[in-house]
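Chain and residue survey
In case you want the letters, here they are:
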Amino acid sequence: MSLYARYAALLDGVLDELVASGGLPAELDRRNVTVEPPRDPSHGDLATNAAMVLAKPAKTNPRALAEQLRPRLAAMAGVTAAEVAGPGFINLRLQADAWRDELRTILGESDRYGMSTIGNGERVNVEFVSANPTGPLHMGHCRGAVVGDALARLLAAAGFAVTKEYYVNDAGAQVDTLARSVHLRYREALGQDVAGLPEGLYPGDYLVSVGARLAAEFGDRYAQAPESEWLPLFRERAIAAMLELIRSDLALLGIHHDKFASEAELQRSGAVDRAMQVLRGKGLVYQGVLERPKSLDEQDEWEPVELTLFRSTAFGDDQDRPMKKSDGSWTYFGSDAAYHWQKAQDSDDLVNIWGADHSGTVKRVQSAVTALTDGRVDLDVKLVNMVRLFRAGEPVKMSKRAGDFITLAEVVDEVGKDVVRFMMLTKRADTPLDFDFAKVVEASKDNPVFYVQYAHARISSLKRKAADAGVDVGASADLGLLDGEELALVRRASQFPRVLESAAATHEPHRIAFFLFDLAAEFHALWNRGNDDPARRFLVENNPQLSRARLELAFGIGQIVRSGLELMGVAATEEMR
RNA sequence: GCGCCCGUAGCUCAGUUGGAUAGAGCGCGAGCCUUCUAAGCUUGAGGUCGUAGGUUCGAAUCCUACCGGGCGCGCCA
């Protein structure tokens, strides 16, 4: 258990005592009571806002309550001083040994340190990527893939039971286009002159081998046949091939989904019908005509048509949304509503990672989830903004036509999985991100990937060099030899559990990257002292005891860096090359 | 016109889900180093947190209204 959690529990006990002795009313809401490291280290090791939060419901003022709490907190184990400060904070100073104990805890718990149980085993479904199965993944998908996977790792580390899911949009018009594109490649493979690519078909070379395989299997059987004879077959084969391609692209990033859910299968199973019946039973489905869209110009044509609508306005959406088209087939939203209902069957909470261009559809799906689960399940949609690609400062030009885009595989091939993953997490998901092929592999302090990896490599180098310095890493260490400056690094590292919990709770994996950068910076600063003063090095010549203690410190920091990188899905390097 | 997101140092961005004197990197200024603990180090300046109100012990954070930017807004996916 981390030090912060331990003192939070102790504080809770003190509040219980105060309630028992009549100093505080019972039944106070303590949820907002925190035990945190003060921003300013001169304020001590820990600070609590208990007096400020509880004063009003206890019908007293913060300073008075703080004075009441102060002696009791000062008497807690390991506390050397408690002072009331500012508007009613209580600052605690701990024995220096408290941080030495925390270092022992880090080393003892190793990769379990910081793992949390706040998830309480709740089932969370994280749906991400879900790109249409019509081609390889490109950079537009990359960020969502990394953010989703990192979030899944975070939630698992925070004690949630996580399912990673991919929704395969294999029921719309796009997969028919895919099938026709493959049919063209199939005829091409048979030696027919297809005379250029018709408008609207997918041009990518990745379909050539799919067509060739079909030619090898079926010969010219479908070359002249009417579309109705080959379309379903070609569609099925093409989708399977594209999913294989997508899976291998994701594998390049170390990403593996637990479940691939098919939209077509969902429709065939009748689940979409059932979802609509449920909504109809709640009076939320009706036949109606939508207003003319506001985005249309005066001269644009528009025919009012009666449609099957879901009353999403009852849940805060701007307008009701069609579930069925006028031809009787399902809209994308109709399927999606049922799909989310399906996910909600065995989930307590849902998370979707979507491109920011889908922001307009969030509310209708949330409305459907609320309606179908009677509010039991919450859907959080994380919107992921675009990645702008640069080469040494120059924007990489990409035209949508002719399949001229940078694929995920190309990027991973050029800079490596770990660099891609780390960079995708260096900004909040909902803001645009610049990705410069030159900068992300630069070996300098400006490059956060390098900077964090470098810290870990330095620590790993100590392991290799210890023997040369006559230090036995197996021997016991006297952590009493660590000074305040060194213990400050432990203080920083010990915030890892709190960072993990907040990142998991807010669904914001980038917080881990920022924490690791700060920790690495503080570590490098301490390391650099050794440049001027050899006595400040981690391995001190002719002083195995001191070296031993400092090694423990370094290894503890290394453990946190490793754990953090693991959450991001980034390998910790042992050596820089 | 409506909805969502964003607005924090010259630039790119964090900000512990309402806490104390708002942080980091780049850039800029000033020193230092020329090394094998390597791909520099130390330090300084730089802010009406878009604007104006409100909520309260306390607001960059929550509410309202404006200003500015992005995305979206037929039965597409």
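Please read these numbers as outputs of a predicted model, since none were measured by experiment.

Quick look at the sheet that holds strand 7 (residues 259-262) now. Strand order in the open sheet formed by five strands is 7-6-5-11-12, and the pairing between neighbours is parallel. In this open sheet, the two strands that pair with only one neighbour each are strand 7 and strand 12 (378-384). In this sheet, neighbouring strand axes are inclined to one another by 25° on average, regardless of whether the strands run parallel or antiparallel. For strand 11 (residues 349-355) and strand 12, the ladder comprises seven bridges, and the chain directions are parallel. Paired with Ile353 across the bridge in strand 12 is Lys382.

This next bit is on helix 4 (residues 96-109). With 14 residues, helix 4 ought to run about 20 Å at 1.5 Å a step, and its terminal C-alpha atoms sit 20 Å apart, in line with that. Residues of helix 4 that are buried include every one of Ala98, Trp99, Arg100, Glu102, Leu103 and Ile106, and no others. Turning to helix 4, the residues buried within the fold contact helix 1 (3-20), strand 4 (89-94), helix 16 (484-493) and helix 19 (544-568). Downstream of helix 4 by a residue or two, Ser110 has a phi angle that is positive, lying close to 40°.

Where helix 10 (residues 271-281) meets helix 11 (residues 332-345), the closest approach of the two axes is 9 Å, and the angle between their N-to-C directions is 90°. Relative to helix 11, the element helix 10 lies roughly perpendicular. Across the interface between the two elements, Ala271, Val272, Ala275 and Met276 of helix 10 pack against Gly334, Ser335, Ala337, Ala338, Trp341 and Gln342 of helix 11.

Close to RNA strand B lie 76 residues; Val305, Lys325, Tyr332, Gly360 and Arg537 are nearest. Those elements that provide at least two residues to the surface near RNA strand B are helix 2 (50-55), strand 4, helix 6 (173-189), helix 11, helix 15 (448-466), helix 17 (496-506) and helix 18 (510-532). With eight residues, helix 18 is the single largest residue contributor to the surface near RNA strand B. Tallied by class, the residues present in the surface near RNA strand B amount to 30 nonpolar, 25 polar and 21 charged.

A few words on the pairing of strand 13 (residues 387-391). Sheet topology places strand 13 next to strand 15 (residues 433-436); four bridges connect them, and they run parallel. Paired with Leu389 across the two strands is Phe435, which belongs to strand 15. The antiparallel pairing of strand 13 with strand 14 (residues 394-395) creates a hairpin that spans two residues between the two strands, and Ala392 there sits at a positive phi of about 50°.

Grouped together as the largest cluster of nonpolar side chains are 154 residues, with contacts concentrated most on Ile90, Cys142, Leu154, Leu155, Ile557 and Val561. Dropping the residues within four chain positions of it, Cys142 is found in contact with Leu137, Val387, Leu408, Val411, Val420 and Met424.

In this section: the UniProt feature "short sequence motif: 'HIGH' region" (unreviewed entry) in chain A. The feature "short sequence motif: 'HIGH' region" (unreviewed entry), as given by UniProt, occupies residues 131-141 in the numbering adopted here. Its end C-alpha atoms 7 Å apart, residues 131-141 is made of 27% helix and 0% strand.

As a further point, take the domain arrangement of chain A. In terms of domains, chain A is made up of domain 1 (3-94), domain 2 (126-167 + 260-384), domain 3 (173-252) and domain 4 (442-568). Relative to domain 3, the C-alpha centre of domain 1 lies at a distance of 68 Å.

When two helices pack together, their arrangement is given by the angle between the helix axes and by the axis-to-axis distance. Two elements in contact, helix 17 and helix 18, have axes separated by 8 Å at closest approach and are oriented at 160°. Put simply, helix 17 runs roughly antiparallel to helix 18. Remark: the crossing between helix 17 and helix 18 carries right-handed chirality. Residue-level inspection shows Phe496, Val499, Ser502 and Ala503 of helix 17 in contact with helix 18, the latter providing Arg511, Ile512 and Phe515. Of the residues belonging to the contact of helix 17 with helix 18, the class tally is five nonpolar, one polar and one charged.

In this section: the sheet that holds strand 4. Strand order across the open sheet formed by four strands is 1-2-4-3, with antiparallel pairing between neighbours. Strand pairing shows two members of the sheet lacking a second neighbour, strand 1 (35-36) and strand 3 (79-85), which therefore form its edges. The sheet contacts of helix 3 (residues 62-74) involve strand 3 and strand 4, and relative to strand 3 the element is tilted by about 175°.

What counts and how
- Residues numbered from 1 in each chain as written.
- Chains lettered and ligands numbered in written order.
- Predicted model: local features only at pLDDT ≥ 70, side-chain atom pairs only at ≥ 80, totals over all residues.
- Pairing = 2+ DSSP bridges.
- Helix = DSSP H or I, 4+ residues; strand = E, 2+ residues; numbered from the N terminus.
- Axes fitted to C-alpha atoms, helices over the stretch in contact; angles between N-to-C directions.
- Expected span 1.5 Å × (residues − 1).
- Buried ≥ 20, exposed ≤ 12 C-beta atoms within 10 Å, placed from the backbone.
- Contact = placed C-beta atoms within 7 Å.
- Parallel < 35°, antiparallel > 145°, perpendicular 65-115°, else oblique.
- Near = placed C-beta within 6 Å.
- Nonpolar A, V, L, I, M, F, W, Y, C, P; charged D, E, K, R; others polar.
- Core = buried A, V, L, I, M, F, W, Y, C linked by C-beta atoms within 7 Å.
- UniProt positions renumbered as here; feature names shortened; annotations may be inferred.
- Domains from an automatic or database assignment.
- Left-handed = near helix turned anticlockwise from the far one by under 90°.

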